[in-house]
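Chain by chain, the residues run as shown.
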Amino acid sequence: MDFRILGPVSVWVDGRQIGIGQPELRRLLAILLLADGRPVPKEQVIADLWDGAPPLRPARALRSQFAQLSETLPLTEAQLHSAHGKHQLQVDLERLDWHRFRQLVGRGRTAARGGRYQAAADILAQALSEWQGDALADVDGDWARRCRAHLERQRRSARQCLVAARRACTGRQIFVPMPRRSEVERGPVPMQLPLGIADFVGREQELAALGTALPGTVTVINGPPGSGKTALALAWAHRISDRHPDGALFAELRGHGPGEPVPPTELLADFLTSLGVAPAKIPAAESCRAELFRTLLIRRRLLLVLDGARDLAQVEPLLPGLPGVTVVITSHEPLDLPGRRVTLGPLSPADATGLLKELIGPGRVANQAGALADLARYCGYLPLPLRIAGRRVAARPHTYLADLVGELREERQRLERMAPDTDGSAAMRGTFRWSYRALPLPAQRMFRLLGLYQGVDIDAPAAAALSGMDVDQAAKLLQDLAKAHLLQPSPRGAFQLHDLLRGYAGERALREEGANNRLAAVRRLLDFYRAAGADPGHGWCDTELLNLVAAANSATSTGQHEVAVDLLTTAGAIHRSRGQLDRAIARYHQAWVSGDRTGDTDIAHRLGEAYLAAGRLCAAVEVLGRAAPDALTLDLLGGCFQRLGRPDAAIQHFQRGLRLVNEPSGEARLLSSLGEALRRLGSLAQAREHLTRALELSRRIGDHGVTAHCLHSLSQLPSTLTTQP
């Protein structure tokens, strides 16, 4: 089998091409092949597969695409896997033309460095023969264009080296261009930049101030909510992305949304994963993660976009301070950082009316300059209310623009009569109220119930649970709210509320939904997440796990502590299974202190084990010391004392645990731990006895982990003392 992306995307078996007729299947195959066998997060697959505009139910659509791709590919040669919210295509990389090209180019450059120019020329020519035209030639869209540009840069570089090597064969001294790093050393090229707003207009003065951004520049874009900071940052980032051939990293810092901001240590873990570092290889300490992050970015030219920073403390650990890394930060506050700062306010009247023309259509606003100017003024010239108002007008093509502007003016005046506009919020709130009142009643109810939701984004099944309706009806209402610009699509194909709109929706819920209705909606949502957490087949992506934690916070705030503990424990277990120890610890600790749960033995076991795995031994001892002294507690405490260099205390805990244990797997584990502690203490005969018993028991019950531990410990004993069973 041969996989080809350096030309049309195709699969060949025994010289025969396998037909992949559907464009989406070709794109999905290319996304997975370019990951070089590494798992790709579900939200990234959805964003790349549909260029940020996924279908109504993206998770279901993605499952369908995977099923079709599985039926198309011979499973003896390629294995498709979906687990833990990630998707993976396992193939022999030697059968992928892109991998062969990189390997050959690396060998050719090595030969050129050694002065073997003819060999270099032959190898580089062979590498370039892997190309059968433009890369991803039959894949369209923004993602494909970005990837194609990156691949073409590698092709041009190889051609330059080939020309140089051939000239050197004639005896002429010539510099052979070398890459900053070989492709093998550099690892994956992250391409995380979201699509910008298609109808972005204006801000030419700010874009000019930003300039072309020399590599290494730090730029902060600050301004009030709704002023278009993210839109400007993305518009500028796309303009300069071609100057950063090593890709782009993007993170939502959630500095001003519901819940707590994303800690720098978690953001660094995400960045390191995107750069090809396995979760097990990511250091535990934030400073060590920052150091590894900087090390991986040395000699790279990369774009780093940090959206929605709360303060300086959140972003400082993320700044590599390297000459090739351009950093763009958005924040409400003007962060005190060296570099450039652009402060956003309202759009100019000309830009504001230009945006409205783009949204409404130039034919509709012809000869209505006065009404258009009034509409822009009533929106405060701010991008968010302008977009909402523009969508509202566009949705009523048969109503005079002047009449619609009159409705907005009345809403604005009504609000000003209720309370003076001391903070300039009347334009924003007037537009929100005007658009909200124009919605059908079911959509109004969905919108205000979303104000009770504290997650990062929401999909149709969760919205259905919140509102108590079926999934299809909920999906349609979410689409209707998105068309009115009251919701925006999220990268994984769900929907997000702007922070200002979330606040307004919450106000409407307090005014129009009774306390019993609000509580019932939250309970339905919690029941939904609790059921999903109990489903072993549910593939949780990272964003859904954040929503799970937000649901747990809602449960805590409404006094449902048992539900909160269940949800947090589920989130912690998923993070632990993925090797994300810091996140697992955070979730388990939150569950441990939720309500009055500090004595909960199961949570203490989970939290103590995670602390132990992370090397935070004193914290593990503190937590486990408050738990009931059962066999597992004593086993974990013994492990802590063992690593703290106190084998005598470890032995005491293991022996106490053996007196309490009542099931074979726990007994095997304790015997193995006790044997290892005795070996380290020098009691070799006793160590042999306990390790042999543990080995026999573990083999009988099929506990391969304990078996491996016993064999390793027995191998450390003197050969005159024991022979491994």
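Fair warning: this is a prediction, and the values are worked out from it, not measured in the lab.

Analysis parameters
- Residues numbered from 1 in each chain as written.
- Predicted model: local features only at pLDDT ≥ 70, side-chain atom pairs only at ≥ 80, totals over all residues.
- Heavy atoms only, no water.
- Salt bridge = Lys/Arg side-chain N within 4 Å of Asp/Glu carboxyl O.
- Buried < 20%, exposed > 50% of the residue type's maximum accessible area, 1.4 Å probe, protein only.
- Helix = DSSP H or I, 4+ residues; strand = E, 2+ residues; numbered from the N terminus.
- Pairing = 2+ DSSP bridges.
- Axes fitted to C-alpha atoms, helices over the stretch in contact; angles between N-to-C directions.
- Contact = heavy atoms within 4.5 Å.
- Core = buried A, V, L, I, M, F, W, Y, C linked by side-chain atoms within 4.5 Å.
- Polar contact = N/O pair within 3.5 Å; in protein donor to acceptor, adjacent residues only side chain to side chain.
- pLDDT = per-residue confidence, 0-100.
- Phe/Tyr/Trp six-rings, centres within 6.5 Å; stacked < 30°, edge-to-face > 60°.
- Expected span 1.5 Å × (residues − 1).
- Disulfide = S-S within 2.5 Å.

Chemist: Kindly report on the pattern of salt bridges, identifying the contributing residues and their values.
Modeler: On inspection of all chains with the given rule, the structure shows 28 salt bridges. Ionic pairing is found between D2 and R4, a salt bridge with its closest N-O pair at 2.8 Å. A relative accessible area of 15% means that D2 is categorised as buried. Via salt bridges that share partners, D2, R4, R100 and E130 belong to a single interconnected network.

Chemist: Tell me what's going on with the pairing of strand β10 (residues 325–331), and back it up with residues and numbers.
Modeler: Counting buried residues along β10, seven of its seven residues qualify, which places the element largely inside the surrounding structure. Neither face of β10 is left uncovered, since the one carrying V325, V327, I329 and S331 and the one carrying T326, V328 and T330 both have all their residues buried. In this sheet, β10 lies alongside strand β7 (residues 218–222) in parallel orientation, the contact comprising five bridges. Counterpart to T219 in the pairing with β10 is V328. Note that strand β9 (residues 302–309) and β10 share six bridges and pair parallel. Across the sheet, residue L302 finds its bridge partner in β10, namely V325.

Chemist: Residues and numbers for the sheet that holds strand β8 (residues 248–252), please.
Modeler: Judged by pairing direction, the sheet is parallel, and its five strands sit side by side in the order β8-β9-β10-β7-β11 without closing on themselves. Looking at strand neighbours, the two that pair on one side only are β8 and β11 (340–343), the edges of this open sheet. For this sheet the average axis-to-axis angle between neighbouring strands, irrespective of direction, equals 15 degrees. Across five bridges, the pairing between β8 and β9 is parallel. Residue pairing across strands places E252 opposite D307, the latter belonging to β9. Taken strand by strand, helix α10 (residues 264–274) contacts β8 and β9, and its axis lies near 150 degrees from that of β8.

Chemist: Explain the nonpolar core to me, and be specific about the residues and the numbers.
Modeler: Residues M446, F447, L450, L481 and Y529 are the most contacted members of the largest nonpolar core, which totals 87 residues. Sequence-distant contacts of Y529, defined by excluding residues within four places in its chain, comprise Y453, A462, W540, N547, L548, A551 and L567. Counting 59 residues, the second largest nonpolar core, distinct from the first, contains I18, L34, F66 and A111.

Chemist: Give me helix α20 (residues 460–467): which residues, what numbers.
Modeler: Along α20, seven of the eight residues are buried, which leaves the element largely enclosed by surrounding structure. When α20 is considered as a whole, its buried residues turn out to be A460, A462, A463, A464, A465, L466 and S467. Where the residues of α20 are buried, they touch α19 (441–450), α21 (471–483) and α23 (515–534). Taking the backbone nitrogen of A462 as reference, a side-chain oxygen 3.1 Å away marks D459 as the first, capping residue of α20.

Chemist: Describe the confidence of the model for the chain, listing the residues and the values that go with them.
Modeler: Looking at the chain, pLDDT values average 85 and 92% of them are 70 or higher. Least confident of the elements in the chain is helix α7 (residues 183–186), whose mean pLDDT is 45; most confident is α19, at 95. Throughout residues 173–185 the model reports pLDDT below 50, and contacts reaching past four residues in sequence, or to other chains, amount to 29 contacts.

Chemist: Account for the packing of aromatic side chains, with residues named and values stated.
Modeler: Considering all chains together, one arrives at eight aromatic pairs under this definition. For the ring pair F271 and F293, a centre distance of 5.4 Å and an interplane angle of 20 degrees mean the geometry is stacked. Of the two residues, F271 sits in helix α10 while F293 sits in helix α11 (residues 286–297), which places them 22 residues apart along the sequence. Summarising the burial analysis for this pair, F271 and F293 share the class buried. Between F528 and Y529, the aromatic rings sit 5.2 Å apart at their centres with planes inclined by 65 degrees, giving edge-to-face as the arrangement. Among the aromatic residues, those joined into a cluster by ring pairs are F432, Y436, F447 and Y504.

Chemist: Lay out the side chain of S227 in plain terms, naming residues and giving numbers.
Modeler: Mapping S227 onto the fold places it in the loop between β7 and α9 (229–240). Take S227: its relative accessible area is 0%, and that puts it in the buried class.

Chemist: Which residues make up the sheet that holds strand β3 (residues 16–18), and what values go with them?
Modeler: As summarised here, the arrangement of the three strands in space is β1-β2-β3, forming an open sheet in which the pairing is antiparallel. If you trace the sheet from one side to the other, it starts and ends with β1 (2–4) and β3, each paired once. Neighbour-to-neighbour, the strand axes of this sheet turn through a mean angle of 30 degrees, independent of strand direction. Pairing of β1 with strand β2 (residues 10–13) involves three bridges; the strand directions are antiparallel. Within β2, the residue paired with D2 across the bridge is W12.

Chemist: With reference to specific residues and values, describe the environment of R153.
Modeler: Structurally, R153 can be placed in helix α6 (residues 142–169). For R153, a relative accessible area of 22% corresponds to the partly exposed category. Placed 92 residues apart in sequence, R153 and P245 show a C-alpha to C-alpha distance of 8.0 Å. Excluding anything up to four places from it in sequence, R153 contacts D242 and P245.

Chemist: A description of unusual backbone geometry should follow, citing residues and the corresponding values.
Modeler: Even without being glycine, R203 reaches a positive phi, approximately 60 degrees. Here R203 lies in the loop between α7 and α8 (204–210). Even without being a glycine, H485 presents a positive backbone phi close to 65 degrees. Structurally, H485 is set in the loop between α21 and β12 (488–489).

Chemist: How would you sum up α9? Please name residues and give values.
Modeler: Helix length check: α9 (12 residues) gives 17 Å between terminal C-alpha atoms against 16 Å at 1.5 Å per residue, within 8%. Burial of α9 is extensive: nine of the 12 residues sit out of reach of the surface.

Chemist: Explain the environment of R680 to me, using residue names and the numbers behind them.
Modeler: Relative to the helices and strands, R680 is located in helix α31 (residues 664–681). Accessibility expressed as a relative area gives 52% for R680, which makes it exposed. As a C-alpha pair, R680 and P647 span 33 residues in sequence and 7.3 Å in three-dimensional space. At a separation of 2.9 Å, a polar atom in the side chain of R680 contacts the side chain of E676.

Chemist: Any chance you could break down the state of the cysteines for me, citing the residues and the numbers?
Modeler: Under the defined criterion, the tally for this structure stands at zero disulfides. As a non-bridged cysteine, C640 has C618 as the owner of its nearest cysteine sulfur, 9.0 Å distant. Its relative accessible area of 0% is what places C640 among the buried residues.

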